[in-house]
Amino acid sequence: MTPGSGLQAGLKNRHLTMIAIGGVIGAGLFVGSSSGIATAGPGILLSYALVGTLVVLVMRMLGEMSAANPTSGSFSAHADRALGRWAGFSIGWLYWFFWVVVLAVEATAGAKILEGWVPAVPQWGWALIVMIVLTATNLVSVGSYGEFEFWFAGIKVVAIGAFVVVGLLAVFGVLPGVHADKASFSNLTGHGGFLPHGPGAILTGVLLVVFSFMGSEIATLAAGESEDPQRAVTKSTNSIIWRIGVFYLGSILVVVSLLPWNDPSIAKDGSYVAALNSLGIPHAGEVMNVIVLTSVLSCLNSGLYTASRMAFSLGQRGDAPKAFARTTTRGVPMAAILSSVVFGFVAVFFNYQYPDTVFLFLLNSSGAVALFVWLAICFSQLRMRKIIQREAPEKLVVKMWLYPYLTWATAAMIVFVLVYMLFDTEHDGRETVLLSLLVAAVVLTIAVVKQKVEARRGTAVSVADQPEKVTTG
């Protein structure tokens, strides 16, 4: 293979399987669930179920488009074709921006844990080490990314699976050697009821948990570098329901059953650590820190991969510098990876130097991007279904249920969540939406101007190519 020959099929089926499973389990599940439980009580289960349903529907739409046309640009490339160049450009760059900010968040979170273990190395030093190691991994080959992610995701999956099994055994009172005096399903309805803060808390809970689901779409981007993209996309799309059911709903059900939702230890130690401590399991905090660190590294690894592949796709379509679309002999888009890392390092710097100003702006202005991406997927699928049916109906191996009604209902639900966020001042929902809309408006303006400039150039070129008319008198 010569440089510039494109991405290579370096991901094996086992890599894709774990990327699909692990992509659903973000570090936010471990870190952010305690605030959701405090806000909605046991009713947080309904919040997770609502968002989980939304993700299942969005992934079904994305699966339909990606199975018919697997590409590293995924939903950005689909939006490009279905809605126009402006849509592909805008959603691609917003998504890239989101993951670059995530790199900084996760690098800092991982550095905090590592500094606790080895305080001789400062926190910024650990953040630097983590970023350099994972950058090197992504630069070697897509196979090395897949291998790292296989093991990172494997640890997360085994840990949550074990947590759910052990927790349920304790709730049913059959866990040998453990006396869990607080564990009972009565915790779901006791202590103020299932909805101690009223039904409205369910929607507030939605705002707190929606962003922990971001990452479920990574499998469709990675499928473009697998041996059988269509099979990989179909498999990951069809398995999304049980993955969300077990890892999110199952594990949160265990947490709110093992302990009363208002137990002080949930807010103090984190929901999962508090649940394990309630069983008297020794070193539960340290064990959970290892799992959280693994999740953080997994998120960093996937974030860097995802950002670089989106940059690569944008480069291919002429919406980013052409260098982004060049690959090494191993099929690695080096310029796309390094540019993503550079912005990631800049964001890490802001996180340490200006955490309450510049970095807070970056965080809030990328916060609603997940919802923008899901909305773009809905509208793209409405158009793409007609295009696929017209051009290659045999490629419709995955179909969105109850099309187009369920697609419209999903889009309406996403818009409702965005509007509800505008009225949420307690959890910075309004600021997040307004700043995200501001950034989206800037990117959209650039996209429209770029498209008009290209159209004028195209017109100028076509006029110049016209043969001169010779007049005779």
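So, here is what we can say about the structure in this document. Since the model is a prediction, treat every value here as computed from it, not as a measurement.

Criteria and thresholds
- Residues numbered from 1 in each chain as written.
- Predicted model: local features only at pLDDT ≥ 70, side-chain atom pairs only at ≥ 80, totals over all residues.
- Heavy atoms only, no water.
- Buried < 20%, exposed > 50% of the residue type's maximum accessible area, 1.4 Å probe, protein only.
- Helix = DSSP H or I, 4+ residues; strand = E, 2+ residues; numbered from the N terminus.
- Phe/Tyr/Trp six-rings, centres within 6.5 Å; stacked < 30°, edge-to-face > 60°.
- Polar contact = N/O pair within 3.5 Å; in protein donor to acceptor, adjacent residues only side chain to side chain.
- Contact = heavy atoms within 4.5 Å.
- Core = buried A, V, L, I, M, F, W, Y, C linked by side-chain atoms within 4.5 Å.

### Considerations on helix H13 (residues 271–278)
Across the 8 residues that make up H13, a large majority, 6, are buried. Turning to H13, its buried residues are Ser271, Tyr272, Val273, Ala274, Ala275 and Leu276. Once H13 finishes, glycine 280 follows within two positions and takes phi at roughly 75°, a positive value.

### A word on the packing of aromatic side chains
Applying the stated criterion to the full structure yields 19 aromatic pairs. Aromatic pair tyrosine 145 and tyrosine 305: ring centres 4.1 Å apart, planes at 0°, arrangement stacked. Taken together, the residues span a long stretch of sequence, with tyrosine 145 in helix H7 (residues 142–171) and tyrosine 305 in helix H14 (residues 284–316) at a distance of 160 residues. Since its relative accessible area comes to 0%, tyrosine 145 is described here as buried.

### What about the side chain of serine 265?
Within the secondary structure, serine 265 sits in helix H12 (residues 264–269). By relative accessible area, serine 265 is classed as buried at 18%. Within polar-contact distance, the side chain of serine 265 engages the side chain of aspartate 263 at 2.6 Å. Leaving out residues up to four positions away in the same chain, serine 265 has contacts with Leu259, Gly270 and Ala274.

### Quick look at the nonpolar core
Phe75, Tyr95, Trp99, Val373, Trp374, Ile377 and Ile414 are the most contacted members of the largest nonpolar core, which totals 152 residues. When residues of this core are assigned to their parent elements, the largest contribution, 19 residues, is made by helix H5 (residues 85–117).

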